[in-house]
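Take a look at the letters that make up each chain.
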Amino acid sequence: MTELREFPNQITTIERFILDQQRGFPDATGTLTNLLYDLALAAKIIASRTTRAGLVDILGSTGEQNVQGEEVQKLDRFAERTIFRLNDHTGRLAVMASEEEADIIPIPERFKTGKYVLLYDPLDGSSNIDFNVSVGTIFAIYRRKSQEGPGTLEDCLQKGRDLVAAGYIIYGSSTMMVYSTGQGVHGFTLDPSIGEFLLSHPNIRIPARPKYYSVNQGYERYWSEGVRRFTRWLQGENEEGKELSLRYIGSLVADFHRNLLTGGIFYYPADSKDPDKPHGKLRLLYEAAPLAFLAEQAGGYASDGHRPILDIQPQGLHQRTPLFIGNRSLVEKAEYFIRTYDQG
Ligand SMILES: O=P(O)(O)OC[C@H]1O[C@](O)(COP(=O)(O)O)[C@@H](O)[C@@H]1O
Ligand SMILES: [Mg+2]
Ligand SMILES: [Mg+2]
């Protein structure tokens, strides 16, 4: 009988791992290291609610509407407050911005500002919160562009290519934190019995043989010709004999995480469903760019159907973008179908 290992061969906490990575940068001041620590702590606090969701007052709506026009869930609000309150007073940040807040989030005047910029989707997969389906948090870290003092909108509108670090937390059957500082993608699993994130998935690489495609096929009638033909190709209408299986959770973090480990493609294309959202639903700054950074670090690729997500210059805090992300061969195939069958 296979003996179940109580712990990984090597027990490495996220703190230890981040510190070891920092050693590679003699000029490092430890500020980024501490910022990642704070995000790991925020993840533990949010996980302490998600793992007891039905027992604590965290399910359901707040009755408010956010800048996206979506109903704000109690867990959206709790996650938002937790990340803000853990980062507003540390002196590490110049400014923050969140998917839930209309404007940039300044550092309170009574606190010092610092050299980094934190952008985040506090709770991703909100439509799944009340049904015990995996949800997540997504974060993106940039260096400020402005000199000193309060950070600016310009500090938040940076291309994904300029990311210093990005990652997500997934609150699922286990809680994991997956991030990259440009030195590969690494995953840590929270052991609630000791309250530590331990290294469980070092150096994640997207497998070359993809297994799944993930898209909300309920919107097919609103898709362009190119996207519809690409989907047929994924389903097996191709000479390469490729046939992928469909998986769609409806939480971007969870769909991306699965495909990162199994190989595959997630896409949320532009569609004609909602004239107010001609560029699809997902947000460039809080969702597409940070995950694109991870995808490329793991050997994959992310595109808006025409160009790399990481090369898009953001024009606004809540700019939306079509997203095709996963194995490079599949995303490039999507670009080929869109280029071939969709004008413009
Ligand atoms: O219900 P749809 O249209 O398929 O949209 C699902 C998508 O919307 C999202 O929930 C949007 O993110 P938020 O939950 O952060 O608003 C993604 O996680 C998910 O991929
Ligand atoms: Mg989201
Ligand atoms: Mg969200």
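Residues numbered from 1 in each chain as written. Chains lettered and ligands numbered in written order. Predicted model: local features only at pLDDT ≥ 70, side-chain atom pairs only at ≥ 80, totals over all residues. Heavy atoms only, no water.

- The chain is annotated in an unreviewed UniProt entry as Fructose-1,6-bisphosphatase class 1 from Litorilinea aerophila.
- Its UniProt record gives the chain a comment under Subunit (unreviewed entry), which states: "Homotetramer."
- As its UniProt record puts it under Catalytic activity (unreviewed entry), the chain is described as follows: "beta-D-fructose 1,6-bisphosphate + H2O = beta-D-fructose 6-phosphate + phosphate". (UniProt positions renumbered as here; feature names shortened; annotations may be inferred.)

**Examining the pattern of salt bridges**
Link 1 in the chain: Tallied over the entire structure, the rule returns 19 salt bridges.
Link 2 in the chain: Ionic pairing is found between Arg161 and Glu296, a salt bridge with its closest N-O pair at 3.0 Å. You can see Arg161 sitting in the loop between helix 4 (153–156) and strand 7 (165–171) and its partner Glu296 sitting in helix 7 (residues 284–297), a full 135 residues away along the chain.
Link 3 in the chain: Across the pair Lys277 and Asp274 runs a salt bridge, and its minimum N-O distance is 3.9 Å.
Link 4 in the chain: We classify Asp274 as partly exposed; its relative accessible area is 23%. (Salt bridge = Lys/Arg side-chain N within 4 Å of Asp/Glu carboxyl O. Helix = DSSP H or I, 4+ residues; strand = E, 2+ residues; numbered from the N terminus. Buried < 20%, exposed > 50% of the residue type's maximum accessible area, 1.4 Å probe, protein only.)

**Digging into the UniProt feature "binding site: Mg(2+) 2" (unreviewed entry) in the chain**
Link 1 in the chain: Residues annotated by UniProt as "binding site: Mg(2+) 2" (unreviewed entry) correspond here to Asp121, Asp124 and Glu287. Across 167 residues of sequence, these annotated residues stay compact in space, with a maximum C-alpha separation of 8.6 Å.
Link 2 in the chain: Inspection of the secondary structure puts Asp124 in strand 5 (residues 116–124).
Link 3 in the chain: When its relative accessible area of 5% is taken as the criterion, Asp124 is described as buried.
Link 4 in the chain: Tracing the backbone through its elements, the reader meets Glu287 in helix 7.
Link 5 in the chain: A residue is classified by how much of its surface remains accessible, and Glu287, at 1% relative accessible area, is buried.
Link 6 in the chain: The residues contacting Glu287, other than those within four sequence positions of it, are Glu99, Asp121, Asp124, Ile138, Leu252 and Leu282.
Link 7 in the chain: Separated by 2.6 Å, the side chain of Glu287 and the backbone nitrogen of Arg283 make a polar contact. (Contact = heavy atoms within 4.5 Å. Polar contact = N/O pair within 3.5 Å; in protein donor to acceptor, adjacent residues only side chain to side chain.)

**Observations regarding the sheet that holds strand 10 (residues 196–201)**
Link 1 in the chain: Read from one edge of the open sheet, eight strands run 4-3-5-6-7-8-9-10, paired in mixed fashion. The open sheet has two edge strands, strand 4 (105–106) and strand 10, and neither has a second partner.
Link 2 in the chain: One ladder, built from six bridges, connects strand 7 with strand 8 (residues 175–180); its direction is antiparallel. The residue bridging Ala166 from the neighbouring strand is Ser180, located in strand 8.
Link 3 in the chain: Its contacts with the sheet place helix 3 (residues 74–87) against strand 3 (93–98), strand 4, strand 5 and strand 6 (135–143), and it is angled at close to 160° to strand 5.
Link 4 in the chain: Here helix 7 sits on the sheet in contact with strand 3, strand 5, strand 6, strand 7 and strand 8, set at roughly 80° to strand 6. (Pairing = 2+ DSSP bridges. Axes fitted to C-alpha atoms, helices over the stretch in contact; angles between N-to-C directions.)

**Considerations on the nonpolar core**
Inside soluble globular proteins, nonpolar side chains tend to come together where they are buried.
Link 1 in the chain: Membership of the largest hydrophobic core comes to 44 residues, with the highest contact counts inside it found for Leu119, Tyr168, Leu260, Ile309 and Leu323.
Link 2 in the chain: Counting residues per element, this core draws most heavily on helix 7, at ten residues.
Link 3 in the chain: Counting only domains with at least three residues in this core, you end up with domain 1 (8–201) and domain 2 (212–341).
Link 4 in the chain: With sequence-adjacent residues up to four places away left out, Tyr168 is seen in contact with Thr137, Ile138, Phe139, Met176, Met177, Val178, Val253, Phe256, His257, Leu260, Leu291 and Leu294. (Core = buried A, V, L, I, M, F, W, Y, C linked by side-chain atoms within 4.5 Å. Domains from an automatic or database assignment.)

**Some points on the site of ligand 1**
Link 1 in the chain: Inspection of the region around ligand 1 gives 18 residues, with Gly125, Tyr219, Tyr248, Leu252 and Tyr268 positioned closest.
Link 2 in the chain: In this structure, Asn216 approaches ligand 1 through a side-chain N or O atom, which is 2.8 Å from an oxygen atom.
Link 3 in the chain: At a separation of 2.8 Å, an oxygen atom of ligand 1 approaches a polar backbone atom of Leu252.
Link 4 in the chain: Every element with two or more residues in the shell around ligand 1 is listed here: strand 5 and strand 13 (264–268).
Link 5 in the chain: For the shell around ligand 1, the leading source of residues is strand 5, giving three residues.
Link 6 in the chain: Across the shell around ligand 1, the residue classes break down as six nonpolar, five polar and seven charged.
Link 7 in the chain: Counting only domains with at least three residues in the shell around ligand 1, you end up with domain 1 (8–201) and domain 2 (212–341). (Near = heavy atom within 4 Å. Nonpolar A, V, L, I, M, F, W, Y, C, P; charged D, E, K, R; others polar.)

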